[in-house]
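Coordinate inspection notes
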Amino acid sequence: MQVEGTSDPRFKPVREAFCENFTNRGELGAAVVVTVDGTTVVDLWGGIAERGHGRPWTPETMVVVFSCTKGATALCAHMLAARGVLDLDAPVARYWPEFAAADKGTISVRMLLNHQAGMAAIDQPLPSSAVYDWGAMTAALAAQAPHWEPGSAHGYHAATFGWLVGEVVRRVSGRSLGTFFREEVTARLNLDFYIGLPEVLEPRVAPIRMPPLTGETTPIMRMMADRSSLTSKAFLNPPGLLTSRQINGRALHAAEVPAANGIATARGLAGVYTPLACGGRSGAVELLDGDTLEAMATVESEGDDLVLLIATRFASGFMKSMDNGARDSAVLGPNPAAFGHGGAGGSIGMADPTARVAIGYVMNQMGVGILLNDRGQALIDAVYASLG
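Summarised in this report is the structure supplied together with it. (Residues numbered from 1 in each chain as written. Predicted model: local features only at pLDDT ≥ 70, side-chain atom pairs only at ≥ 80, totals over all residues. Heavy atoms only, no water.)

A look at the packing of helix H5 (residues 134-143) against helix H6 (residues 160-173)
The criterion, for reference: Throughout, an axis means a line fitted to C-alpha atoms (over the contacting stretch in the case of helices), and angles, computed between N-to-C directions, take values from 0 to 180 degrees. Under the scheme used here, helices are H or I runs from DSSP no shorter than 4 residues and strands are E runs no shorter than 2 residues, and both carry numbers assigned from the N terminus. Note that the term roughly parallel is reserved for angles under 35 degrees, roughly antiparallel for angles over 145, roughly perpendicular for angles of 65 to 115, and oblique for everything else. Contacts were defined at the residue level, with two residues in contact if any of their heavy atoms lie within 4.5 Å. Each residue receives one of three labels: charged for Asp, Glu, Lys and Arg, nonpolar for Ala, Val, Leu, Ile, Met, Phe, Trp, Tyr, Cys and Pro, and polar for the others, Gly being one of them.
For the pair H5 and H6, interaxial distance at closest approach is 10 Å and the crossing angle is 100°. By the criterion of interaxial angle, the relationship of H5 to H6 is roughly perpendicular. In this structure, H5 contributes Trp134, Met137, Thr138 and Leu141 to the contact, and H6 contributes Thr160, Gly162, Trp163, Leu164, Gly166, Glu167 and Arg170. For the contact of H5 with H6, a count of residues per class yields five nonpolar, four polar and two charged.

As structure tokens, then:
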């Protein structure tokens, strides 16, 4: 297997870690991009985009990045807040009046972003087709009562995050989340990162391969098997988001599921975080001001997660470093200001405003675990080893 692309000699440890992902860590096809001060210092790719067809991975190969999409969705909300048209501390019902039903009138937009809203799951069983029906999902969420007192605890809003925050963005901006993200972020930065993929780009998508079976049973796996549990409802209602058939289908790629179905290249994922590592600006494009960026990186929820059943830490829409042991950890370097979001299977996009570093890593062979696995963590560790 040949790794292609370029890397600054200073970042030789990143190239070595990327190669080792293929030789020792089960990588199939992948790419990683690192920028420092807005300049690309690592742009590597390798492996197979589609097993059985022999299609090689290229810089233009895109892949579903799962919950990395949440970071893009949160960015859209913060951009509206920076423009003064969205107040994160205002009740959601100010912008979405139907949401006040079932005693939700005091839930703030911020609680949606930091996973404190108690809206991590929908009790009403939904068909798999509901994933593609924005109106059905937002109506179900408007009718749903919180699973805990909002603001008193936090739990990962695995799927609902995207429809909740996305509907607020839609109500405020008049545009769907995917449209807003494309017009206000990726088109301005010339990035390949889509929430709602145009059909003409479908041939560039690498199919996702499910994680290997290990025979291991973890607390979250046991709770997922209990269909009445909050954890199970959070991930499996509506059903299908964790099946390869739906993940790799054109219908899901075309839909807007802003918690889970973003499709990006490594350049696109790193490119979204590059301005967030550099004071809110990339070249001539300014997305955010410094005060908004600082608020985005501030921890707002930490401790026991009622859905993931581990200790987690979140800023307003973004993951922060969390260390629960090797299996369920995501250590985003040594600087407390670093933030980002991982995706199921191990993809990661992150920014470190202290080091002015952005990282994007994507792959098509999912790993085990909820947060980062050894491949993405090895790349992050190698970046900081290179920086000294």
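Description of the packing of aromatic side chains
Selection rule: For Phe, Tyr and Trp, where Trp contributes only its six-membered ring, two rings pair if their centres lie within 6.5 Å, and the inter-plane angle classes them as stacked under 30 degrees, edge-to-face over 60, or tilted in between. Residue exposure (1.4 Å probe, protein chains only): buried if accessible area is under 20% of the type maximum, exposed if over 50%, otherwise partly exposed. Charge-over-ring placement is defined geometrically: NZ (Lys) or CZ (Arg) within 6 Å of the ring centre, and within 35 degrees of the ring normal.
Scanning the model with the defined rule gives seven aromatic pairs in all. Centre to centre, the rings of Tyr273 and Phe318 are 6.3 Å apart; their planes meet at 75°, and the pair counts as edge-to-face. Highlighted residues: Tyr273 in helix H12 (residues 266-277) and Phe318 in the loop between strand E11 (311-314) and strand E12 (339-342), separated in sequence by 45 residues. Residue classification places Phe318 among the buried positions, given a relative accessible area of 0%. When the centroid spacing of 5.0 Å and the interplanar angle of 75° are considered together, the rings of Phe318 and Phe339 count as edge-to-face. Separated by 21 residues along the polypeptide, Phe318 in the loop between E11 and E12 and Phe339 in strand E12 bring together distant segments of the chain. Residue Phe339 is classed as buried on the basis of its relative accessible area, which comes to 0%. Taken together, the aromatic side chains of Tyr273, Phe318 and Phe339 make up a single cluster linked through ring pairs. A cation over an aromatic ring shows up here: Lys104 above the ring of Phe99, its NZ or CZ 4.8 Å from the ring centre.

With respect to the sheet that holds strand E5 (residues 63-64)
Worth spelling out the cut-off: Whether two strands pair comes down to DSSP finding at least two bridges between them.
Here we have three strands laid out as an open sheet, ordered E5-E7-E6, and antiparallel in their pairing. Only two strands of the sheet have a single neighbouring strand rather than two, namely E5 and strand E6 (193-194). Note that E5 and strand E7 (residues 263-264) share two bridges and pair antiparallel. Following the sheet pairing, Val64 is matched in E7 by Ile263.

Examining the pairing of strand E3 (residues 39-50)
Alignment of strand E1 (residues 3-7) against E3, held across five bridges, turns out to be antiparallel. Bridge pairing links Val3 to Gly46 in E3. Relative to E3, strand E2 (residues 29-36) is paired through eight bridges, and the arrangement is antiparallel. Residue pairing in the sheet places Gly29 in a bridge with Gly47 of E3. With antiparallel pairing between neighbouring strands as the criterion, E2 and E3 make up a hairpin whose turn holds two residues, including Asp37 at a positive phi of roughly 55°.

Some remarks on the nonpolar core
Here is the rule we go by: Nonpolar core, defined: a set of buried Ala, Val, Leu, Ile, Met, Phe, Trp, Tyr and Cys residues in which side-chain atoms within 4.5 Å join the residues together.
Membership of the largest hydrophobic core comes to 92 residues, with the highest contact counts inside it found for Leu75, Leu112, Leu276 and Phe339. At eight residues, helix H2 (residues 68-82) tops the list of elements feeding residues into this core. Residues Val34, Met350, Leu372 and Val383 belong to the second largest nonpolar core, which totals 45 residues.

Comments concerning unusual backbone geometry
Omega for the peptide link from Asn237 to Pro238 comes to 5°, which places this bond in the cis form. Mapped onto the elements of the fold, Pro238 is located in the loop between helix H9 (230-236) and helix H10 (244-247). Positive phi, normally seen in glycine, also occurs at Ala102, with a value near 60°. Residue position: Ala102 is located in the loop between helix H3 (92-95) and helix H4 (109-113).

Points about the pairing of strand E14 (residues 357-363)
Burial analysis of E14 places seven of its seven residues in the buried class, which makes it a mostly covered element. Neither face of E14 is open: one carries Val357, Ile359, Tyr361 and Met363, the other Ala358, Gly360 and Val362, and all of them are buried. Alignment of E2 against E14, held across seven bridges, turns out to be antiparallel. The partner of Val33 across the bridge, within E14, is Gly360. Inspection of the sheet shows strand E13 (residues 348-352) paired to E14 by five bridges, in the antiparallel sense. When the sheet's bridge partners are listed, Ala351 is paired in E14 with Ala358.

Remarks on helix H14 (residues 374-387)
The criterion, for reference: In a helix, the anticipated span is given by 1.5 Å times the number of residues less one. Under this definition, polar contacts are N or O atom pairs within 3.5 Å; protein pairs additionally need one hydrogen-donor-capable and one acceptor-capable atom, and for neighbouring residues in sequence, both atoms have to be side-chain atoms.
With 14 residues, H14 extends 20 Å from end C-alpha to end C-alpha; this agrees with the ideal 20 Å at 1.5 Å per step. Counting buried residues along H14, 10 of its 14 residues qualify, which places the element largely inside the surrounding structure. Along H14, the residues that are buried comprise Arg375, Gly376, Gln377, Ala378, Leu379, Ile380, Ala382, Val383, Tyr384 and Ser386. One side-chain oxygen at the N-terminal end of H14 lies 3.1 Å from the backbone nitrogen of Arg375; it belongs to Asn373. Gly388 sits one or two residues past H14 and shows a positive phi near 75°.

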